[in-house]
Amino acid sequence: MIKGIIFDVDGTLYHQKPVRIMMALNMMLYYLIHFWKIKELFIILKFRRIREKNTKQKYKDTLIQLSNNFKYDYKKIDILINKWMFKKPLKYIKKYKNNDVIELLNSFKNNNKKIIIYSDYNPIDKLKVLDINADYIFYPNDLDIKELKPSKKVMQYIIKK
C-alpha cells in the first residue's frame, strides 16, 4: 500500500526548459544594461557548476569558495544567488507549472497519501507559488541533510522519517 509519494520540485512540478530560457533572457538583458556588473554573472554560473559537481558541499561553503575565488563579498554573493536562483524564477515557475503533476499531487492528497518534497534548495517559496501543501519538506540546508540529489543516503533518511 502506498503511504506517500516523494517529489523533486526542480523540473518536476514545473516545466524546467521554458523557466531556464526566460531566466537566461532576463539575465542577458540585465547584464547587457548593467555591463559593469558582469562579474556577477560569472559568479552565478560558477555557483551552479560547483553545486552540480560537488553534491556534498554545503551552500555556505560554496559561497565562501566563490568569495575567495572572485574576491567578492560573501554577503553580496548570498544576496546575488538568492535573487537570481531563488526569487526571480518564481514568476516563471508559476507561469510554467506542470498542471498534470500538480493534479496528481492533489489526487494523492485527496486520497490521504503523504506528499513529501525533496529538493536541492529550500523549496518553500516554489511550493507557495504552485499552491502545494506538502506534508514533509527536505532539502540540504535541513539540519540532518548534507547532500544534494541524487543521494541514496538522503532517500533512506527521508523514508526513515
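Procedures and definitions
- Residues numbered from 1 in each chain as written.
- Predicted model: local features only at pLDDT ≥ 70, side-chain atom pairs only at ≥ 80, totals over all residues.
- Heavy atoms only, no water.
- Axes fitted to C-alpha atoms, helices over the stretch in contact; angles between N-to-C directions.
- Helix = DSSP H or I, 4+ residues; strand = E, 2+ residues; numbered from the N terminus.
- Parallel < 35°, antiparallel > 145°, perpendicular 65-115°, else oblique.
- Left-handed = near helix turned anticlockwise from the far one by under 90°.
- Contact = heavy atoms within 4.5 Å.
- Nonpolar A, V, L, I, M, F, W, Y, C, P; charged D, E, K, R; others polar.
- Phe/Tyr/Trp six-rings, centres within 6.5 Å; stacked < 30°, edge-to-face > 60°.
- Lys NZ or Arg CZ within 6 Å of the ring centre and 35° of its normal.
- Buried < 20%, exposed > 50% of the residue type's maximum accessible area, 1.4 Å probe, protein only.

### With respect to the packing of helix H2 (residues 38–53) against helix H3 (residues 59–70)
Okay, step 1: Two numbers describe how H2 lies on H3: the axes approach to 10 Å, and their chain directions differ by 135°. By the angle between their directions, the pair H2 and H3 is classed as oblique. Where H2 crosses over H3, the handedness of that crossing is right-handed. Contacts from Lys39, Phe42, Ile43, Lys46, Phe47, Ile50 and Arg51 in H2 reach Tyr59, Thr62, Leu63, Gln65, Leu66, Asn69 and Phe70 in H3.
Okay, step 2: Residues of the contact of H2 with H3, tallied by class, amount to eight nonpolar, three polar and three charged.

### Thoughts on the packing of aromatic side chains
Okay, step 1: The tally for this structure, following the rule as stated, stands at nine aromatic pairs.
Okay, step 2: Judged by centre distance (5.9 Å) and plane angle (85°), the ring pair of phenylalanine 138 and tyrosine 157 falls under edge-to-face. Taken together, the residues span a long stretch of sequence, with phenylalanine 138 in strand E3 (residues 136–138) and tyrosine 157 in helix H8 (residues 152–160) at a distance of 19 residues.
Okay, step 3: In textbook terms, an aromatic cluster arises when at least three aromatic residues are bridged by ring pairs, as seen for Phe47, Tyr59, Phe86 and Tyr121.
Okay, step 4: Positioned above the aromatic ring of tyrosine 30, the side-chain terminus of lysine 83 is 4.4 Å from the ring centre.

### Regarding the side chain of lysine 126
Okay, step 1: Topologically, lysine 126 is positioned in helix H7 (residues 124–129).
Okay, step 2: Residue lysine 126 is classed as buried on the basis of its relative accessible area, which comes to 8%.
Okay, step 3: Residue contacts for lysine 126: discarding those within four places in its chain leaves Val9, Asp10, Tyr14, Leu90 and Ile93.

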